[in-house]
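# Secondary and tertiary structure notes
Below, each chain spelled out in residue letters.
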Amino acid sequence: MTDIAEAATAELQLGLPWRNSFAALGPAFYTELQPTALPAPYAVCTNRRLAAEIGLDASLVSSQEGVEAFTGNRPIEGARPLASVYSGHQFGVWAGQLGDGRAILLGEVQTPAGPQELQLKGSGLTPYSRMGDGRAVLRSSIREFLGSEAMWGLGIPTTRALCVTGSDARVRREEIETAAVVTRVAPSFIRFGHFEHFSARDQHAELAKLADYVIDRFYPECRTTQKFAGNAYAAFLEQVSERTAAMVAQWQAVGFCHGVMNTDNMSILGLTIDYGPFQFLDAFDPGHICNHSDEQGRYAYNKQPNVAYWNLFCLGQALLPLIGDQELALAALESFKAAFPRELESRMRAKLGLGGAQPGDRELIEDVLKLLAKDRVDYTIFWRRLSHLAAGASAEPVRDLFLEREAFDAWSIQYLARLDTEGRSAAAELMLKSNPKYVLRNHLGELAIRQAKLKDYSQVEALLALVQAPFDEHPAHEDKAGFPPDWASHIEISCSS
Ligand code: AMP
Ligand code: MG
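Residues numbered from 1 in each chain as written. Chains lettered and ligands numbered in written order. Predicted model: local features only at pLDDT ≥ 70, side-chain atom pairs only at ≥ 80, totals over all residues. Heavy atoms only, no water.

The subject of this paragraph is the overall build of the protein chain. What the protein chain contains, in helices and strands, is 16 helices and 12 strands. Relative to the globule expectation of 23 Å for 497 residues, the C-alpha radius of gyration of the protein chain, 23 Å, shows essentially globular dimensions. Each principal axis of the C-alpha distribution contributes one length, and for the protein chain these read about 65 × 60 × 40 Å. Counting all 497 residues of the protein chain, 60% fall into the buried class. Taking the contacts inside the protein chain whose residues are at least 6 apart along the sequence as the reference set, 74% of them involve residues at least 24 apart. Here the protein chain displays about 19500 Å² of accessible surface, and carbon together with sulfur accounts for 52% of that area. Mean positive and mean negative side-chain charge positions of the protein chain (47 and 61 charges, respectively) differ by 0 Å. (Helix = DSSP H or I, 4+ residues; strand = E, 2+ residues; numbered from the N terminus. Rg over C-alpha atoms; globule rule 2.2 N^0.38 Å. Buried < 20%, exposed > 50% of the residue type's maximum accessible area, 1.4 Å probe, protein only. Contact = heavy atoms within 4.5 Å. Areas by Shrake-Rupley, 256 points an atom, 1.4 Å probe, with all protein chains shown as cover. Lys, Arg positive; Asp, Glu negative; His and termini not counted. Charge placed at Lys NZ, Arg CZ, Asp CG, Glu CD.)

Looking now at the side chain of N291. Counting through the fold element by element, N291 comes out in the loop between β12 (279–280) and α8 (304–323). From its side chain, N291 meets the backbone oxygen of G259 in a polar contact 3.2 Å long. Ignoring sequence-local partners within four residues, the contact set of N291 consists of F91, G259, V260, P277, I493, S494 and C495. (Polar contact = N/O pair within 3.5 Å; in protein donor to acceptor, adjacent residues only side chain to side chain.)

Turning next to the packing of helix α4 (residues 138–153) against helix α15 (residues 442–453). A pair of packed helices is captured by two measures, namely the crossing angle of their axes and the spacing between those axes. Across the interface, α4 lies against α15 with an axial gap of 10 Å and an inter-helix angle of 130 degrees. It follows from the interaxial angle that α4 and α15 lie oblique. Read as a crossing pair, α4 and α15 show a hand that is right-handed. Where α4 abuts α15, its residues L138, R139, I142 and R143 lie against N442, I449, A452 and K453. Here the contact of α4 with α15 is built from residues that sort into 4 nonpolar, 1 polar and 3 charged. (Axes fitted to C-alpha atoms, helices over the stretch in contact; angles between N-to-C directions. Parallel < 35°, antiparallel > 145°, perpendicular 65-115°, else oblique. Left-handed = near helix turned anticlockwise from the far one by under 90°. Nonpolar A, V, L, I, M, F, W, Y, C, P; charged D, E, K, R; others polar.)

With that settled, the discussion passes to the environment of M151. Relative to the assigned elements, M151 resides in helix α4. Linking M151 and I365, residues 214 residues apart in sequence, is a C-alpha distance of 23 Å. Among all residues touching M151, those that are not within four sequence positions of it are I156, T158, W251, F256, T272, Y275 and F280.

On to the domain arrangement of the protein chain. The figure often quoted for interface size is the accessible area lost as the parts come together. According to the domain assignment, the protein chain consists of domain 1 (4–189), domain 2 (203–435) and domain 3 (442–490). Just the C-alpha atoms count here: the centres of domain 1 and domain 3 sit 24 Å apart. Listed as interface residues are 22 residues of domain 1 and, on the opposing side, 14 residues of domain 3. Overall, the association of domain 1 and domain 3 removes approximately 1600 Å² of surface from exposure, summing both partners, and the carbon and sulfur fraction of that is 65%. On inspection of domain 1 and its partner domain 3, the count reaches 2 salt bridges. (Domains from an automatic or database assignment. Buried area = accessible area lost by both parts, 1.4 Å probe. Salt bridge = Lys/Arg side-chain N within 4 Å of Asp/Glu carboxyl O.)

The next thing to look at is the site of ligand 1. The environment of ligand 1 is formed by 17 residues, the closest being G99, G101, R130, G134 and N265. Between ligand 1 and R102 there is a distance of 3.2 Å, counted from a nitrogen atom to a side-chain nitrogen or oxygen. In this structure, a nitrogen atom belonging to ligand 1 sits 3.3 Å away from a main-chain N or O atom of R135. Within the complex, the protein chains bury 80% of what would otherwise be the 480 Å² of accessible surface of ligand 1. (Near = heavy atom within 4 Å.)

A word on the coordination of the magnesium ion (ligand 2). Angles between donor atoms at a metal ideally measure 109.5 degrees for a four-coordinate tetrahedral arrangement and either 90 or 180 degrees for a six-coordinate octahedral one. The magnesium ion (ligand 2) binds to the protein through N265 (OD1) and D274 (OD), with metal-donor distances spanning 2.0 to 2.1 Å. Assigned by exposure class, N265 and D274 land together as buried. (Donors = N, O, S within 2.8 Å, 3.2 Å for Na, K, Ca; no water.)

Moving on, we come to the pairing of strand β4 (residues 87–90). Two strands pair when backbone bridges link them, and β4 and strand β5 (residues 93–97) are joined in this way by 3 bridges, in the antiparallel orientation. Residue H89 lies in a different strand from β5, and its bridge partner there is W94. What sits between the antiparallel neighbours β4 and β5 is a turn of 2 residues, in which F91 has the positive phi angle 50 degrees. (Pairing = 2+ DSSP bridges.)

Time to look at the side chain of S87. Tracing the sequence through the fold places S87 in strand β4. Here G96 takes part through its backbone oxygen, which lies 3.4 Å from a polar atom of the side chain of S87. A polar contact is formed between the side chain of S87 and the side chain of H197, at a distance of 2.6 Å. Excluding its chain neighbours within four sequence positions, the residues that come into contact with S87 are W94, G96, Q97, L98, G193, H197 and D264.

Glancing now at unusual backbone geometry. Although it is not a glycine, R130 adopts a positive phi angle of roughly 45 degrees. As for its position among the elements, R130 is in the loop between β7 (114–121) and β8 (136–137). In this structure, A229 is a non-glycine residue whose phi angle is positive, near 50 degrees. Considering the arrangement of structural elements, one finds A229 in the loop between α6 (204–218) and α7 (232–254).

On inspection of all chains with the given rule, the structure shows 36 salt bridges. Salt-bridge contacts for D133 lead to R173; the nearest nitrogen and oxygen are separated by 2.8 Å. On the criterion of sequence distance, the pair formed by D133 in the loop between β7 and β8 and R173 in the loop between β9 (160–172) and β10 (176–186) is long-range, its members being 40 residues apart. Residue D133 is classed as partly exposed on the basis of its relative accessible area of 31%. When the shortest N-O distance is used, the salt bridge between R191 and D274 registers 2.9 Å. Taken together, the residues R191 in the loop between β10 and α5 (192–200) and D274 in the loop between β11 (256–257) and β12 connect sequence positions 83 residues apart. This pair shows no difference in class: R191 is buried, exactly as D274 is. Each of E345, R349, D361, R362, R418 and E422 takes part in one network of salt bridges that share partners.

A few words on the nonpolar core. Buried together is how nonpolar side chains tend to be arranged in soluble globular proteins. Among the nonpolar cores identified, the biggest contains 98 residues, and F22, F195, V214, F236, I268, F280 and L315 are the most heavily contacted of them. For this core, the element with the highest residue contribution is α7, accounting for 13 residues. (Core = buried A, V, L, I, M, F, W, Y, C linked by side-chain atoms within 4.5 Å.)

To continue, consider the state of the cysteines. According to the stated counting rule, one finds 0 disulfides in the structure shown. Here C290 is not disulfide-linked; the sulfur of C257 is the nearest cysteine sulfur, at 4.7 Å. A residue is classified by how much of its surface remains accessible, and C290, at 7% relative accessible area, is buried. (Disulfide = S-S within 2.5 Å.)

Below, the structure is given as structure tokens:
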């Protein structure tokens with residue numbers, strides 16, 4: 001980058017105590033470095049809700065000093081910036097060392113919501129940038145900001161986003177775009193790939209140190225388990241498998257496609273992480289591929305559960321030197337196979353408003369998904385309209401979504417009879433809390449990004465408010481709950497970000 005950016009020297013005080021436990025692991029795990037300043041940064045959007053949850057003053061975040069600090073232009077008192085090293089499997093192939101190529105961990109703050117790490121994404125080159133420029137563009141930063149908050153609003157485990165800042169600095173992608181930095185917040189950004197890194201290099205002491213750190217902080221029950229002959233590392237693998245199963249089940253139920261489920265994009269805490277070419281489904285197409293660069297469809301919507309298991313298998317392989325027994329590792333991984341269908345069924349039951357399990361429930365779920373796929377029915381609108389039907393509204397708005405109305409009628413007769421065994425009002429209540437009215441559809445993000453490129457961030461703000469409360473009615477934004485326009489299906493989202 002040719003722009004000359006001057007960094008401010010006075011440290012910003014956030015008013016939160018820092019702890020930096022990841023930094024305490026030692027230099028084998030990262031490189032300490034400062035972010036690279038961007039010229040004349042400005043606020044794009046601030047997540048006031050998250051700021052309040054973690055005890056930060058939102059006006060400090062969006063102040064000039066805050067913008068400078070969260071762009072990487074001004075140091076923050078107590079932070080200890082670093083880029084961590086990891087490796088991973090990308091598109092099914094071992095890719096070797098990757099690492100934080102454009103992310104810089106500022107450190108860990110103690111907040112009313114527990115310890116949280118703050119990380120800048122797009123804040124300049126690191127030793128792990130490989131061919132990249134260390135930057136992120138405004139478009140992808142807004143997508144990550146809104147996408148992660150949309151998942152949070154839906155109750156799906158995810159990293160979060162505190163703010164986006166921008167700069168007019170030019171960044172070359174398919175075309176010239178401008179730079180932005182998104183500040184991410186999570187209890188930890190450790191990925192499966194961190195474990196793969198040390199395992200692949202036979203650095204077993206570091207592998208154990210990393211696993212012990214994660215177990216002690218996030219999975220302490222693994223220390224006292226009787227399962228797996230008291231093997232804490234096998235219990236850890238089981239817990240991660242269960243959390244991952246629960247996360248992916250929620251993705252499937254809400255129609256979320258991640259797009260790049262490489263092992264370096266899998267959180268060890270079972271959080272949705274690294275929002276790139278993700279998409280919430282419009283029409284229900286089980287084979288939908290949201291990542292334009294994914295020519296084989298490895299990460300298609302209906303492949304996500306199997307890919308999650310494949311990724312867990314890589315994690316199991318990486319942990320094998322610690323577990324010490326292949327049979328135990330395989331037994332731990334088995335938990336995914338039980339947890340995923342259980343979690344998915346429970347989510348789908350809620351979407352249908354079904355309480356206690358009854359024979360035939362599974363068929364009701366399978367049959368409706370077949371109907372949705374056959375007629376490529378809009379996934380979000382279908383479930384929301386079905387919730388209103390359960391609440392006593394006419395069947396027409398749901399029926400009208402189908403080409404084959406007789407097939408829907410046959411299914412709905414069975415379904416409504418099933419609902420009547422428990423009472424429709426309780427069902428409707430559950431459904432309206434399980435079937436969002438608003439999801440961050442591609443075209444909504446795209447329209448907000450177009451405005452943001454003109455420095456009008458009002459649509460980003462509006463979408464943030466909607467996706468943070470997606471089950472509520474927002475009468476002023478009825479248009480954003482409607483069908484996508486025709487051009488939405490032509491939006492091409494690739495890995496370029
Ligand atoms: P992703 O699949 O986007 O999560 O990224 C895979 C790897 O490429 C990670 O190590 C990233 O840090 C790195 N990377 C992606 N984009 C850039 C960039 N513009 N500059 C430097 N590193 C990047
Ligand atoms: Mg990544």
